[in-house]
Each structure stands twice: as structure tokens, then as C-alpha cells.
Amino acid sequence: VVEAAITVADRVGSAFSLRDVASEVGIPVMSLYSYIDSREQLLELMIDDVHAQMARIPLAGDWRSRLTAVADDNLTLFADHGWLADVESERAILGPGTLTKYEYELEAINDLELTDTDKDAALNVVLDFVKASARALAHATRERTHEDPQQWWEREGAKLAVLGIEARFPLASRIGTAAGEAQGAARDSRRAYEFGLPVILDGLAARLADHSCVSGG
């Protein structure tokens, strides 16, 4: 049932229904309740299952390299299971797959001079950024199936040129044009991820340096 539900969610997204799952399994929808108590319980089992089966880059190098590997692992996970990026909850799923994932990812930062609470927070900052990036990338992929971003930029850029916005919005005109020409779009979600992750890691490095100065001082 869990495998069928994952297959359905991968195909139709987070709005899948129990009726969809029952159809995939080939049983009446009410028969699902012989296996699960609710859709919420099924979703928790699905999350734990994909966490257990996710591919992982071996952790090696310094903490930045290890956290980058963790981030890239999770971006791949969200690409494979887009519905997972729609799941929001402050309640942890305490299944073996999720706990194994958490244990593994904490190894990336366990040797940092941070409290345990801050280690958890640092990991979650990275994972939340990855989730947001995964949503943006998925949305961009859907948009690009309807229109190539270069075509969009050429059309909209021509409109802006006719309007003559440089005088009224000089910064938006200059910077937006430079970014649009470089990216072939108003926004490049992949570049945003590749730019943003090192910025987050730089911030963590600065936090570690401050902590080291305070401890050493």
C-alpha cells in the first residue's frame, strides 16, 4: 500500500487521494483501512519509506563539503518525490527511515563547535533552504514545458524597452536587465540554489568564527 501510494503521489502530486491509492492497488477504497488508520498515517509511512531508500553521497572532506553533500542529497530526493516538498509540519516523524536520515545528516556537522541545539538548527536551515529551492525548481520546470524562458525574456524584455522604464526605475532596469540577459529569464532557480547554499554556509562559518573568538577571548 505504501509503495503504491508513493507511486501515485509521484505521478499526481501531494493532492493524491485514498481513492487514487486504492485504484493503484486494485482494491475498494474502504479496504485500505485494513492497512492504515488514515491518510495522515499513510503519508507518514510514505515519508519514512522514501527517507529510508534515498541515495546518499558519502560524507567526506570538511564540514562545508559534507553539508553540501547533504543538501544535494535532499535536492535529489525532492526532485524524485516532488510531493515531499509540500509536506509542512513541526512534528517529527519518528520512523526508522527518518531517524536514519537524521542521524546520517548530523554526522556532517557533529564536530562543529556548536551546542546540540544549534547543530539541529544549522541542519534545519540548510534543509529548509533546499525544500524552498526544490519547490522553485519544480515550478520552473512546469513553466518551461509551456514556454522556453529565453522566449519569455525576449518578449517581455521588448515590452519593457518600449515602456522606457530606465528613468523611473533605474536600479530595477539595470540590474534586472543584467540578470535577465545572463540567465535568459527573470529568475533562474538553479542558479539561485547554487548561489544561495554557499551564502548560507558562509553565514555558518562566520557564526563559528565568532564563537571561536568568544571562546578563545
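Residues numbered from 1 in each chain as written. Predicted model: local features only at pLDDT ≥ 70, side-chain atom pairs only at ≥ 80, totals over all residues. Heavy atoms only, no water.

I'd like a rundown of the pattern of salt bridges, residues and numbers included.
Here the structure, examined in full by the defined rule, presents 6 salt bridges. In this structure, E24 engages R11 in a salt bridge whose closest nitrogen and oxygen atoms are separated by 3.1 Å. Here the residue E24 occupies a position in helix α2 (residues 18-25), and R11 occupies one in helix α1 (residues 2-12), the gap between them amounting to 13 residues. Overall, E24 belongs to the partly exposed group, its relative accessible area being 35%. By relative accessible area, R11 is classed as exposed at 53%. (Salt bridge = Lys/Arg side-chain N within 4 Å of Asp/Glu carboxyl O. Helix = DSSP H or I, 4+ residues; strand = E, 2+ residues; numbered from the N terminus. Buried < 20%, exposed > 50% of the residue type's maximum accessible area, 1.4 Å probe, protein only.)

Lay out the environment of T98 in plain terms, naming residues and giving numbers.
Take T98: it is sitting in helix α5 (residues 96-106). Looking at T98, the relative accessible area reads 15%, which means it is buried. Other than its neighbours up to four places away in sequence, T98 contacts D48, H51 and I93. (Contact = heavy atoms within 4.5 Å.)

So what's going on with the nonpolar core? Which residues, and what values?
With 44 residues, the main nonpolar core has F16, L42, M46, L67, W83 and L204 as its most contacted residues. Top element by residues in this core is helix α6 (residues 116-146). It accounts for 8 residues. When residues no more than four places from it in sequence are discounted, the contact partners of M46 are V2, A5, I6, A9, F16 and W83. (Core = buried A, V, L, I, M, F, W, Y, C linked by side-chain atoms within 4.5 Å.)

Could you give an account of the packing of helix α3 (residues 39-53) against α5, with specific residues and numbers?
Their axes nearest at 7 Å, the elements α3 and α5 cross at an angle of 45 degrees. With respect to each other, α3 and α5 are oriented oblique. The crossing of α3 and α5 is left-handed. Here D48, H51 and A52 of α3 lie close against α5, whose contacting residues are P96, G97, T98 and K101. For the contact of α3 with α5, the residue count by class is 2 nonpolar, 3 polar and 2 charged. (Axes fitted to C-alpha atoms, helices over the stretch in contact; angles between N-to-C directions. Parallel < 35°, antiparallel > 145°, perpendicular 65-115°, else oblique. Left-handed = near helix turned anticlockwise from the far one by under 90°. Nonpolar A, V, L, I, M, F, W, Y, C, P; charged D, E, K, R; others polar.)

Tell me about the packing of helix α4 (residues 63-80) against α6, residues and numbers included.
Geometrically, a packed helix pair is captured by the angle between its two axes and the distance between the axes. One way to put it is that α4 packs onto α6 with a least axis distance of 9 Å and a crossing angle of 35 degrees. Crossing geometry of α4 relative to α6 is assigned as right-handed. Two secondary-structure elements touch here, α4 through L67, V70, A71, N74, L75 and F78 and α6 through L123, V126, L127, V130, K131, S133, A134 and L137. Class assignment of the residues belonging to the contact of α4 with α6 gives a composition of 11 nonpolar, 2 polar and 1 charged.

Any details on the packing of aromatic side chains? Residues and values, ideally.
How two aromatic rings sit relative to each other is given by the distance of their centres and the angle of their planes. This model, assessed by the stated rule, comprises 1 aromatic pair. Between the aromatic rings of F129 and Y193, the centroid separation amounts to 5.7 Å while the plane-to-plane angle is 10 degrees, which identifies the pairing as stacked. Pair noted here: F129 is in helix α6 and Y193 is in helix α9 (residues 189-216), with a separation of 64 residues, a long-range link. Like F129, the residue Y193 is buried in the burial classification. (Phe/Tyr/Trp six-rings, centres within 6.5 Å; stacked < 30°, edge-to-face > 60°.)

Which residues make up the layout of surface pockets, and what are the values?
Taken as a whole, the largest pocket encloses approximately 950 Å³ of empty space. Lining the largest pocket are 30 residues, and of these H51, S89, R91, A92 and I93 sit closest to its centre. For the lining of the largest pocket, the secondary-structure elements that each account for two or more residues are α3, α4, α5 and α6. Element by element, the count of residues in the lining of the largest pocket is highest for α6, at 8 residues. Broken down by class, the residue content of the lining of the largest pocket amounts to 14 nonpolar, 5 polar and 11 charged. Reported here for the second largest pocket is a volume of approximately 390 Å³. Every residue lining the second largest pocket is counted, 20 residues in all, and those nearest its centre are F78, G82, A134, A138 and R142. Secondary-structure elements contributing two or more residues to the lining of the second largest pocket are α1, α4 and α6. (1 Å grid on protein atoms, 1.4 Å probe; cavity = no way out; pocket = protein on both sides within 12 Å on 5 of 7 lines; lining within 4 Å. Points joined across faces, edges and corners; volume = space filled by probe spheres on them.)

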